Amino acid sequence: MATDDGWVTEHVRVEGRSVHVRRSVGGSGVPLVHIHGFAISGTYLMPTARSLAGRWLNVVPDLPGYGRSERRDHVLDVRALAGALLAILDALDIDQAVLIGNSMGCPIGLEVAYEAPERVHRLVLVSPAGGGQNQPLARGLGQLAVDVMRESPRMAPVALPDYLRFGPVNGLRLFHELTLFPSLERLLHTPVPTLAVLGGRDPLMPSPSRVAEVVRLAPEQLAVALVEQAAHAVNFSHPEELAKLIEAWLDGALLAGGAALPAGVRVVHLPGDPV
């Protein structure tokens, strides 16, 4: 265990394997647990986690088989990763958490919320990829290629080592599974209070107007916001904007209409908006 700028690095055992976890020191209330995307570790989520660490305990695991966690014999699917995340929470003695997912981390968070809603205080879905918007696979891969060009150049040295370690075949297989996951349909029936955050330049997502049109049919606990200049990895490219948005939502200021949001961040849909 080592401390680095207010953070502790540790390893916990999940199904007999070592899982790497970063945890902030200090903070209070319900812990915020950040869930990374496919073929990558939690490192790129750290800018947003650090921005939120002043008030809350933040936990950033590398899911089993990713990053500094022990390698697996096979790639875990979304459902298995959700089970692994619950096991990580158990190992850390976290009874209930705010789950903050990005990309594939969103389906994982949704699976946890459906399987064990009592363990999820709130759910934040940043760029919830998957489903018809990314089908067929060739279309999804094209969208992914466009996104690579739109992300911050600073993302490359963070992401590339993770992608190479995970392997292109495993990455392709898992991305194909992600395109088949009905993210939007599951989002519309979320069993816990949920904030969906979209990037205005994200080619993997439907347009904000289309999302707003659809989510007006959703339960009252769903809110949607837009970070206009972000692509897919909002947590890395726009951490301050995302952190302030999440903070306003957790404080109830977003729903009350009293949130002073950063420039370039706007609410697309709030519970109670007219259909």
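Structure shown above.
Source: prediction; values computed, not measured. (Residues numbered from 1 in each chain as written. Predicted model: local features only at pLDDT ≥ 70, side-chain atom pairs only at ≥ 80, totals over all residues. Heavy atoms only, no water.)

Caption draft 1: A look at the overall build of the protein. If you tally the helices and strands in the protein, you get eleven helices and ten strands. The C-alpha atoms of the protein give 17 Å as radius of gyration, which agrees with the globular expectation for 275 residues (19 Å, within 12%). C-alpha extents for the protein along the principal axes are approximately 50 × 45 × 35 Å. Evaluated residue by residue, the protein yields a buried proportion of 55% over its 275 residues. Put simply, of all contacts in the protein between residues at least 6 apart along the chain, 76% involve residues at least 24 apart. Each charge sign in the protein was given a centre, from 23 positive and 28 negative side chains, and these centres are 4 Å apart. (Helix = DSSP H or I, 4+ residues; strand = E, 2+ residues; numbered from the N terminus. Rg over C-alpha atoms; globule rule 2.2 N^0.38 Å. Buried < 20%, exposed > 50% of the residue type's maximum accessible area, 1.4 Å probe, protein only. Contact = heavy atoms within 4.5 Å. Lys, Arg positive; Asp, Glu negative; His and termini not counted. Charge placed at Lys NZ, Arg CZ, Asp CG, Glu CD.)

Caption draft 2: Main features of the environment of Leu 32. Note that Leu 32 resides in strand S4 (residues 32–35). With 26 residues separating them in the primary sequence, Leu 32 and Asn 58 have C-alpha atoms 4.8 Å apart. Excluding anything up to four places from it in sequence, Leu 32 contacts Leu 52, Trp 56, Leu 57, Asn 58, Val 59, Val 98, Ile 100 and Leu 250.

Caption draft 3: Quick look at the nonpolar core. In this structure, Val 33, Leu 63, Leu 85, Leu 99, Met 104, Ile 108 and Leu 123 are the most contacted members of the largest nonpolar core, which totals 51 residues. Of all the elements, helix H2 (residues 78–91) adds the most residues to this core, at seven residues. With residues up to four places along the chain from it excluded, the contact list for Leu 123 reads Leu 99, Gly 109, Leu 110, Ala 113, Thr 190, Val 192, Pro 193, Thr 194, Leu 195 and Trp 249. Ranked by size, the runner-up nonpolar core spans 23 residues in total, among them Val 126, Ala 230, Trp 249 and Leu 270. (Core = buried A, V, L, I, M, F, W, Y, C linked by side-chain atoms within 4.5 Å.)

Caption draft 4: Region of interest: the packing of helix H4 (residues 137–150) against helix H6 (residues 168–180). Their axes nearest at 10 Å, the elements H4 and H6 cross at an angle of 110°. In terms of orientation, H4 lies roughly perpendicular with respect to H6. Taken together, the residues of H6 that come into contact with H4 (itself represented by Leu 137, Gly 140, Leu 141 and Leu 144) are Leu 172, Phe 175, His 176 and Thr 179. Of the residues contributing to the contact of H4 with H6, the split by class is five nonpolar, three polar and no charged. (Axes fitted to C-alpha atoms, helices over the stretch in contact; angles between N-to-C directions. Parallel < 35°, antiparallel > 145°, perpendicular 65-115°, else oblique. Nonpolar A, V, L, I, M, F, W, Y, C, P; charged D, E, K, R; others polar.)

Caption draft 5: Examining unusual backbone geometry more closely. Between Gln 135 and Pro 136 the backbone carries a cis peptide bond, its omega angle lying at -5°. The residue Ser 103 is not glycine, and still its phi comes out positive at about 55°. Using a relative accessible area of 5% as the deciding quantity, one classes Ser 103 as buried. One non-glycine residue with positive phi stands out, namely Ser 127, at about 60°. Topologically, Ser 127 is positioned in the loop between strand S7 (120–126) and H4. Looking at Ser 127, the relative accessible area reads 0%, which means it is buried.

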